[in-house]
Amino acid sequence: MFEFENMLHSEFTELPFKLMIYTIVFLFGICIGSFLNVVIIRLPRHESLIKRSSHCMTCGTKIRPIDLIPVFSWLLLRGKCHACGEKISPRYPIVESLNGILYVLTFMILDINAKAIITCVLMSLLIVIGFMDWDTQEIDLIIVGMILLLAVPAAIFTDDVELKHRIIGAFAISVPFFIIGEVSRPIIRKKFKEDFRAIELGDTILMFAAGALLGTQAVIVSALIGIIAAAVFGLIIKFATKESKFAFGPYLSMGIAVAMLWGNQIASWYVDLLTYEPPVA
Ligand SMILES: [Zn+2]
């Protein structure tokens, strides 16, 4: 199903055809990205996702249909409302183009097949989780549930992860994360007089779902990337903004995205590196 015999990777496929496919994928990606913006803002407020807000948030002017084109409208308006000139957050075109770029990257790396389609859905769900966690310090369990559900078509239509490793993968990171969270809780309560964990339950459940989708090897890679990214960017952001709040979700999402595309390659590269034996002269 969905197998087109390595259409994009084939050397016989003409370049203009590939470019046409990537352009269509990008345009489709930014349109979905536009909906993701709506989800990121409205889901935490429990507002309707379908009803479109058609007024400027500042002056209340009706937004023209021409201003609803993803990315391009923002660029044409130079990031300002056409009526009152109030700035429109660059977040909108960033989310839209990020989704478009990730879709194109997915098809470039995986070609046209079932895994690429599942991966595109995953990328969009990760964007929602990452940005929502960044805004609210909360990981949305409905979206995490959707990632877990993606493991079903992945198990049926792709064969790069054994079923055994989907089950082990689900627990490989979530169990240690849960233990770290529970162990840290009384220590944090004693020290800061607040009830939270070093690794929150949302992050733990996210890694359970990611493990079922990615398999053992790739989910371990995703957690490593997430932890390293959180350490590096987290420190930079903390240093720059003096903000004490910290969301782990965006970094775990990054790790999961990278691992979905290259997880098994990164894992075998790392193992080869560790077990490297120099040739005997
Ligand atoms: Zn306005």
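Up top you'll find the structure we're talking about.
Criteria and thresholds
- Residues numbered from 1 in each chain as written.
- Predicted model: local features only at pLDDT ≥ 70, side-chain atom pairs only at ≥ 80, totals over all residues.
- Heavy atoms only, no water.
- Helix = DSSP H or I, 4+ residues; strand = E, 2+ residues; numbered from the N terminus.
- Contact = heavy atoms within 4.5 Å.
- Areas by Shrake-Rupley, 256 points an atom, 1.4 Å probe, with all protein chains shown as cover.
- Lys, Arg positive; Asp, Glu negative; His and termini not counted.
- Charge placed at Lys NZ, Arg CZ, Asp CG, Glu CD.
- 1 Å grid on protein atoms, 1.4 Å probe; cavity = no way out; pocket = protein on both sides within 12 Å on 5 of 7 lines; lining within 4 Å.
- Points joined across faces, edges and corners; volume = space filled by probe spheres on them.
- Nonpolar A, V, L, I, M, F, W, Y, C, P; charged D, E, K, R; others polar.
- Donors = N, O, S within 2.8 Å, 3.2 Å for Na, K, Ca; no water.
- Tetrahedral: all angles 85-135°; square planar, octahedral: opposite > 155°, others 65-115°.

Colleague: Please provide a residue-by-residue account of the overall build of the protein, values included.
Modeller: In terms of regular secondary structure, the protein is built from nine helices and zero strands. Beginning at the N terminus, the succession of helices and strands in the protein can be written as α-α-α-α-α-α-α-α-α. Across its three principal directions, the C-alpha atoms of the protein cover 70 × 65 × 40 Å. Contacts in the protein between residues at least 24 apart in sequence constitute 68% of all its contacts with a sequence separation of at least 6. Only carbon and sulfur atoms are counted for the fraction: they give 70% of the accessible area of the protein, which is about 16700 Å². With 23 positive and 24 negative side-chain charges, the protein shows a separation of 12 Å between the mean positions of the two kinds.

Colleague: Got a sec to walk through the layout of surface pockets? Specific residues and values, please.
Modeller: In this structure, the largest pocket spans a volume of roughly 820 Å³. Along its surface, the largest pocket is lined by 33 residues, and His55, Met57, Ile63, Ile88 and Tyr92 are the ones closest to its centre. Contributing elements (two or more residues each) for the lining of the largest pocket: helix 1 (15-42), helix 2 (72-76) and helix 3 (91-110). With five residues, the single largest contributor to the lining of the largest pocket is helix 1. Split by residue class, the lining of the largest pocket holds 15 nonpolar, nine polar and nine charged. Quantified by volume, the second largest pocket comes out at close to 610 Å³. Among the elements of the structure, helix 6 (163-192) and helix 7 (201-214) are those that each provide at least two residues to the lining of the second largest pocket. With four residues, helix 7 is the single largest residue contributor to the lining of the second largest pocket. By residue class, the composition of the lining of the second largest pocket is twelve nonpolar, three polar and seven charged.

Colleague: Explain the coordination of the zinc ion residue by residue, including any values.
Modeller: When a metal carries six donors in an octahedron, the ideal angles between them are 90 or 180 degrees, while four donors in a tetrahedron ideally lie at 109.5 degrees. Ligation of the zinc ion by protein atoms is provided by Cys56 (SG), Cys59 (SG), Cys81 (SG) and Cys84 (SG), these donors lying 2.3 Å from the ion. Angles of 102 to 118 degrees at the metal separate the four donor atoms of the zinc ion, which places the site in the tetrahedral class. Counting residues between consecutive donors of the zinc ion along the chain gives the motif C-x2-C-x21-C-x2-C.

So, to be careful, I would describe these as geometric facts and stop short of saying anything about function.
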